[in-house]
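# A look at the structure
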Amino acid sequence: MSDNNSFLVFSGTKTRYLAEKICASLNCPLGNLVVTKFSDGEFAVSYEESIRGKNVFLVQSTFPNSDNLMELLLMIDAAKRASARHIIAVIPYFGWARQDRKDKPRVSIGAKLVADMLSCAGIDRLITMDLHADQIQGFFNVPVDHLYASGVFLPYLQSLNLDNLVIASPDVGGSKRANTYAKYLGCPLVLCNKTRARANVIESMQIIGDVKNKNVILIDDMVDTAGTIAKAADVMKKEGAISVRAMATHCVMSGPASDRIQDSSIEELVFTDSIPYTNRSSKVKQLSVADMFAETIRRVINNESISSQYLI
């Protein structure tokens, strides 16, 4: 591995828990960065050690509220002005990713705006995981290393030793991701077709495929209010499924999500730790992606391929 003096890892306020695990895996200290907050809500960022000529990795997920994104932008700007050699944004959860296109007239494309802001601030590379839409990689004019949570999910799923396994997608939009899991595991794929009354409100749901006497694994990229995944699990149990578990990369879990999961037919909901989860549900389990990000950082430093660490 490269000399630890050639790179430094820093963290934003809300993703420090993950950055500390990444640094433990890399066997390096977490860099000294101070965020000063003012009484009106404004804040400033300063590096308390020299980063001149260094490869600087900035770990920060951009989940709500928007302070996390603004903090990352200030970290990037401060690193650029402090003469960092390369600035690599490590964003386990890339927020605003659901706004990836104009799905109706006169709306913003938030994912492109965030990409432009990060590029303008001065990043040289982005490392992220399970973007809501793969095409967001094309919003950047710098290299994007797009990791997949399947690297931690599949070993855990195989450790459960479930018979009569079926992989399911809670909506048609996630069918490609679920189909990849189904092909790898050699099991059937089931889809849920839902219609929405409005955002976060489901009007109806139908199951496409057979779940009777099956152990179902729902695969998704994130769970926000948990309305879709809870409804899918309940419908599948009514259709005769033996058990329903769910795996989703990003633990957004806003509003009534924890209560919905607790009251649903889901036996277990597995997330990564890309987002901190505080409003706990006993059914929720988090698997760490720190080692996966640490290995990617190692390979970036050493100019090695990262594709060999992908399972699927």
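The structure contained in this document is the topic of the report that follows. (Residues numbered from 1 in each chain as written. Predicted model: local features only at pLDDT ≥ 70, side-chain atom pairs only at ≥ 80, totals over all residues. Heavy atoms only, no water.)

## Overview of the packing of aromatic side chains
Under the criterion given, the structure shown has four aromatic pairs. A centroid spacing of 5.3 Å and a plane angle of 75° characterise the contact between Tyr148 and Tyr310, whose relative ring orientation is edge-to-face. Here Tyr148, found in the loop between strand E7 (144-147) and helix H4 (150-159), pairs with Tyr310, found in the segment after helix H8 (290-301); they are 162 residues apart in sequence, far enough to count as distant. Overall, the relative accessible area of 27% leaves Tyr310 in the partly exposed class. (Phe/Tyr/Trp six-rings, centres within 6.5 Å; stacked < 30°, edge-to-face > 60°. Helix = DSSP H or I, 4+ residues; strand = E, 2+ residues; numbered from the N terminus. Buried < 20%, exposed > 50% of the residue type's maximum accessible area, 1.4 Å probe, protein only.)

## Here's the deal with the sheet that holds strand E4 (residues 55-59)
If you trace the five strands from one edge of the open sheet to the other, you get E1-E4-E5-E6-E7, paired in parallel fashion. Two strands in the sheet have a free side with no partner beyond their single neighbour: strand E1 (7-11) and E7. Looking at each pair of strands side by side, their axes are set apart by 15° on average, direction ignored. Where E1 meets E4, five bridges bridge the pair, whose relative direction is parallel. From the neighbouring strand, Leu8 faces E4, where its bridge partner is Val56. Packed on one face of the sheet, H8 meets E1, E4, strand E5 (86-91), strand E6 (125-129) and E7 and runs near 155° to E6. (Pairing = 2+ DSSP bridges. Axes fitted to C-alpha atoms, helices over the stretch in contact; angles between N-to-C directions. Contact = heavy atoms within 4.5 Å.)

## Let's talk about the pairing of E4
A large share of E4 lies buried, amounting to five of its five residues. Where burial is concerned, the two faces of E4 agree: the one with Asn55, Phe57 and Val59 and the one with Val56 and Leu58 are both buried. Note that E4 and E5 share five bridges and pair parallel. Bridging across to E5, Val59 finds its partner in Val90. For the crossover that starts at E4, traverses helix H2 (residues 67-81) and ends in the parallel E5, the hand is right-handed. (Right-handed = clockwise from strand over helix to strand, strands pointing away.)

## Quick look at helix H6 (residues 227-238)
The end-to-end C-alpha separation of H6 is 17 Å, in line with the 16 Å expected for 12 residues at 1.5 Å each. Three or more residues of H6 are buried, namely Gly227, Thr228, Ile229, Ala230, Ala232, Ala233, Val235 and Met236. Just beyond H6, the residue with positive phi is Gly240, at close to 105°. (Expected span 1.5 Å × (residues − 1).)

## Considerations on the nonpolar core
Formed by 42 residues in total, the largest nonpolar core has its most connected members in Val9, Ile22, Phe57, Ile127 and Ile167. At seven residues, H8 tops the list of elements feeding residues into this core. The residues contacting Ile22, other than those within four sequence positions of it, are Val59, Ala290, Phe293, Ala294 and Ile297. Judged by nonpolar contacts, the second largest core, of 35 residues, contains Ala89, Ala97, Leu118 and Ala133. (Core = buried A, V, L, I, M, F, W, Y, C linked by side-chain atoms within 4.5 Å.)

## So, empty space enclosed by the protein
Across all of its chains, the model carries one cavity of 30 Å³ or more by this definition. Of the pockets and cavities examined, the largest cavity occupies roughly 40 Å³. What lines the largest cavity is Tyr93, Phe94, Ala97, Thr128, Met129, Asp130, Leu131, His132, Asp221, Met222 and His250. Broken down by secondary-structure element, the contributors of at least two residues to the lining of the largest cavity are E6 and strand E11 (215-223). Residue classes in the lining of the largest cavity are distributed as six nonpolar, three polar and two charged. (1 Å grid on protein atoms, 1.4 Å probe; cavity = no way out; pocket = protein on both sides within 12 Å on 5 of 7 lines; lining within 4 Å. Points joined across faces, edges and corners; volume = space filled by probe spheres on them. Nonpolar A, V, L, I, M, F, W, Y, C, P; charged D, E, K, R; others polar.)

These figures come from the coordinates and say nothing about function on their own.
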